[in-house]
Amino acid sequence: MIFVNEKLGYLRQKALNLPESSGVYIMKDAGGRTIYVGKAKVLKNRVSQYFGSQKNHQEKVRKMVEKVDDFDYILTDNEFEALVLECSLIKQYSPKYNILLKDDKGYNYIKITNEKWPRIRESKQILDDGSTYIGPYTSVSNVSKAIDEALKIFKLPRCKKDFKPNGRKNGSRACLNYHIDQCSAPCIGKISHEEYLENVNDAIEFLKGGDTGSIKKLTQKMYDFSERLEYEKAARVRDKILAIKKITQKQKVVSPNGKTQDVIALVQDARASSFEVFRFLNGRLCDTDNYVFNEAGEAEISRAEFIVQYYMKKSDIPATILVDGAVDAKDSVEAYLGQKQGRRVRITAPKRGQALELIEMCRKNAAERLSQRLSRPFKETAGVVELAKLLSLPAVPVYIEAYDISNIAGSANVAGMVVFKNGRPLKSAYKRFEIKTVRGQDDYGSMCEVISRRLDRYETAIEDTSNGFERLPDLILLDGGRGHVSAVKRLLQSRGLSIPVYGMVKDSKHKTRAIAKDGGEIAINSNRAAFMLISSIQEEVHRFAIGYHRQKRKQETLTTALTQVPGVGKKKAKMLLTYFKSVERVKQADIADLVKVPGISQALAASIQRYFNEEKS
């Protein structure tokens with residue numbers, strides 16, 4: 001049911017009187033509390049959208065509008081100033097309906113102890129103990145992995161022994177790590193204090209700057225030793241370089257370009273949103289982060305709000321941020337991040353190549369987190385996420401409607417509509433249509449009639465919310481090819497709608513083969529999750545439509561048997577079948593029972609009984 005705010009008229013009129021200028025708007029509830037802060041390039045256009053038709057709003061926006069009692073606004077010179085002011089007001093008020101990233105995650109640090117023989121360890125917090133800390137990181141596994149790599153490469157100890165000169169004379173024995181060449185054994189004096197400190201410093205450089213910077217620095221050091229004819233030291237540095245290359249080879253498969261960049265992906269359904277962040281340092285995945293919100297909004301605006309909030313308290317904003325779709329007011333967001341970091345920051349949505357592969361990997365992780373939150377199988381979430389990517393949709397389709405026409409040479413012409421919500425069938429929303437205006441076998445015309453009637457019911461849904469057509473689909477799928485898609489797209493365009501429409505193409509064995517679009521086909525065999533989803537949708541809509549078609553044929557056959565009786569037309573035949581449930585029971589009925597059917601007179605009842613008695617004899 002769509003709630004109508006009693007003050008909607010007042011708010012709409014106030015919004016229409018706003019200036020066509022950039023600025024910030026502040027939504028308030030009846031208690032005067034700030035519940036949402038937003039920015040706009042043109043205040044009048046953006047704010048008036050909230051108080052127009054509520055049917056196309058996301059659930060989050062509808063709930064917010066329901067609570068709005070009034071709003072204030074502040075004019076700015078440009079959109080960038082509006083963004084900066086918006087951030088400041090969000091910090092000040094923490095509005096309920098803004099994306100708010102709560103700082104309640106467990107952070108992890110890399111700790112370098114302050115002692116004669118420094119150790120490198122993990123830490124959950126920064127202590128005032130004179131140690132050096134690197135971080136924070138949100139991923140415990142990435143911190144552990146980085147420390148493990150550094151200790152292996154630079155042969156630093158993992159034990160808690162107290163290193164003293166002449167350790168062997170004191171009874172110390174080297175551990176297994178020394179014997180497998182993963183520790184320099186300072187406990188038995190196998191390395192000098194000076195060289196040990198040098199290894200610790202090299203490990204710190206590696207942890208801070210990744211493998212690219214470390215290899216470059218170590219290579220120069222190796223050449224310096226060689227020029228001074230210190231070949232033994234040069235060989236040890238060379239071994240470190242080889243160890244770094246070997247241990248980071250697997251990471252380079254993930255991001256071989258060696259860039260420092262962040263990757264952000266968003267996955268939504270009707271109830272929740274999941275943001276995943278991959279942080280790459282010199283090509284190595286150094287940290288991951290995830291936020292799941294119990295709300296869903298417009299994808300472009302959600303991305304912009306998240307990016308601003310995410311980097312608001314961070315000091316290490318990379319020069320490149322990869323995202324999986326459009327970002328609202330991208331230029332202003334880039335300018336804000338650039339001003340904060342002191343250099344240019346670019347936000348890009350890659351369309352091909354390795355950058356797109358990173359986006360897809362990030363998106364799959366976001367989908368997995370969302371599945372966990374909603375306690376749904378990952379394959380359902382993965383199917384709609386992969387389908388959105390395959391069709392280049394602006395957002396993951398939450399509500400999918402599929403249609404199929406079923407008839408035999410134009411007779412018993414019917415259609416079935418099935419609904420998949422969040423990747424699973426929503427049987428309560430299934431609909432059946434009997435084709436009324438199309439005569440003969442005209443699948444294109446029949447499909448257009450059905451969808452036109454569906455849209456008509458949507459237009460009346462604001463007064464009658466019981467018809468099941470209260471919302472428009474995010475995606476329409478047709479059991480058919482390019483011709484079906486073209487016909488329906490023209491219908492939608494004529495009604496001012498831009499719902500994505502695609503066809504589901506079958507092979508000679510009646511199995512899903514491809515997706516038809518207006519002008520070609522999209523192969524889906526290589527996209528397993530999307531393929532499984534499309535196949536299940538196509539099978540379900542075909543089953544539903546043909547089931548109704550068989551029912552209609554059976555009914556028409558039975559109706560024909562009754563229309564042979566003089567005085568019984570199609571209308572009366574249907575009424576007889578509705579009352580008696582079968583032709584056989586009509587044949588066995590006496591006159592007293594027959595006249596109970598509306599429209600059946602005493603004379604007609606006698607005629608019906610006489611006809612079937614004669615048929616028996």
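What counts and what doesn't
- Residues numbered from 1 in each chain as written.
- Predicted model: local features only at pLDDT ≥ 70, side-chain atom pairs only at ≥ 80, totals over all residues.
- Heavy atoms only, no water.
- Disulfide = S-S within 2.5 Å.
- Buried < 20%, exposed > 50% of the residue type's maximum accessible area, 1.4 Å probe, protein only.
- Helix = DSSP H or I, 4+ residues; strand = E, 2+ residues; numbered from the N terminus.
- 1 Å grid on protein atoms, 1.4 Å probe; cavity = no way out; pocket = protein on both sides within 12 Å on 5 of 7 lines; lining within 4 Å.
- Points joined across faces, edges and corners; volume = space filled by probe spheres on them.
- Nonpolar A, V, L, I, M, F, W, Y, C, P; charged D, E, K, R; others polar.
- Phe/Tyr/Trp six-rings, centres within 6.5 Å; stacked < 30°, edge-to-face > 60°.
- Lys NZ or Arg CZ within 6 Å of the ring centre and 35° of its normal.
- Core = buried A, V, L, I, M, F, W, Y, C linked by side-chain atoms within 4.5 Å.
- Contact = heavy atoms within 4.5 Å.
- Pairing = 2+ DSSP bridges.

Describing the state of the cysteines
- This structure, assessed with the given rule, holds 0 disulfides.
- C183 supplies the cysteine sulfur nearest to C175, a cysteine that is in no disulfide, at a spacing of 5.2 Å.
- The class of C175 is partly exposed, set by a relative accessible area of 31%.

Focus on unusual backbone geometry
- Even without a glycine there, the phi angle at S94 is positive, about 45°.
- Position of S94 relative to the elements: it lies in the loop between α4 (79–93) and β4 (108–112).
- Phi at N422 takes a positive value of approximately 55°, unusual for a residue other than glycine.
- Relative to the elements of secondary structure, N422 occurs in the loop between β13 (411–421) and β14 (424–425).

A word on empty space enclosed by the protein
- Tallied over the entire structure, the rule returns 4 cavities of 30 Å³ or more.
- One number sums up the size of the largest cavity: a volume of about 120 Å³.
- A per-element tally of the lining of the largest cavity places helix α10 (residues 299–312) first, with 5 residues.
- Residue composition of the lining of the largest cavity, grouped by class: 8 nonpolar, 3 polar and 5 charged.

A few points about the environment of N108
- With respect to the secondary-structure elements, N108 resides in strand β4.
- Sequence spacing of N108 and Q125 is 17 residues, and the spatial spacing of their C-alpha atoms is 6.7 Å.

Comments concerning the packing of aromatic side chains
- The tally for this structure, following the rule as stated, stands at 15 aromatic pairs.
- Taken together, a centroid distance of 5.8 Å and an interplanar angle of 65° make the contact between Y291 and F306 edge-to-face. You can see Y291 sitting in strand β9 (residues 284–293) and its partner F306 sitting in helix α10, a full 15 residues away along the chain.
- Taken together, the ring pairs connect F275, Y291, F293, F306, Y310 and Y311 into an aromatic cluster.
- Here K314 stacks its cationic end above the ring of Y310, 4.8 Å away from the centre of that ring.

Here we look at the environment of K91
- Mapped onto the secondary structure, K91 falls in helix α4.
- Owing to a relative accessible area of 53%, K91 belongs among the exposed residues under this scheme.
- Sequence-wise, K91 and M312 are 221 residues apart; in three dimensions their C-alpha atoms are separated by 9.6 Å.

Remarks on the nonpolar core
- Of all hydrophobic cores here, the largest spans 33 residues; its most connected members are L387, L391, L475, L477, Y502, I515 and I537.
- Counting only elements with at least two residues in this core, the list comes to α12 (353–374), α13 (378–390), β12 (399–408), β13, β16 (475–478), β17 (501–506) and α16 (528–563).
- Of the residues forming this core, the biggest block, 6 residues, is contributed by α16.
- When neighbours within four sequence positions are excluded, I537 is seen to be in contact with I400, A402, V418, F420, L477 and M504.
- Residues F163, A185, A203 and V237 belong to the second largest nonpolar core, which totals 32 residues.

Focus: the pairing of β4
- Burial of β4 is extensive: 5 of the 5 residues sit out of reach of the surface.
- Burial along β4 is two-sided: the residues N108, I110 and I112 and Y109 and K111 are all buried.
- One ladder, built from 4 bridges, connects β4 with strand β6 (residues 132–137); its direction is antiparallel. Considered in β6, the bridge of N108 is made with Y137.
- The sheet contact formed by β4 and strand β5 (residues 120–123) spans 4 bridges and is antiparallel. The residue bridging I110 from the neighbouring strand is E122, located in β5.

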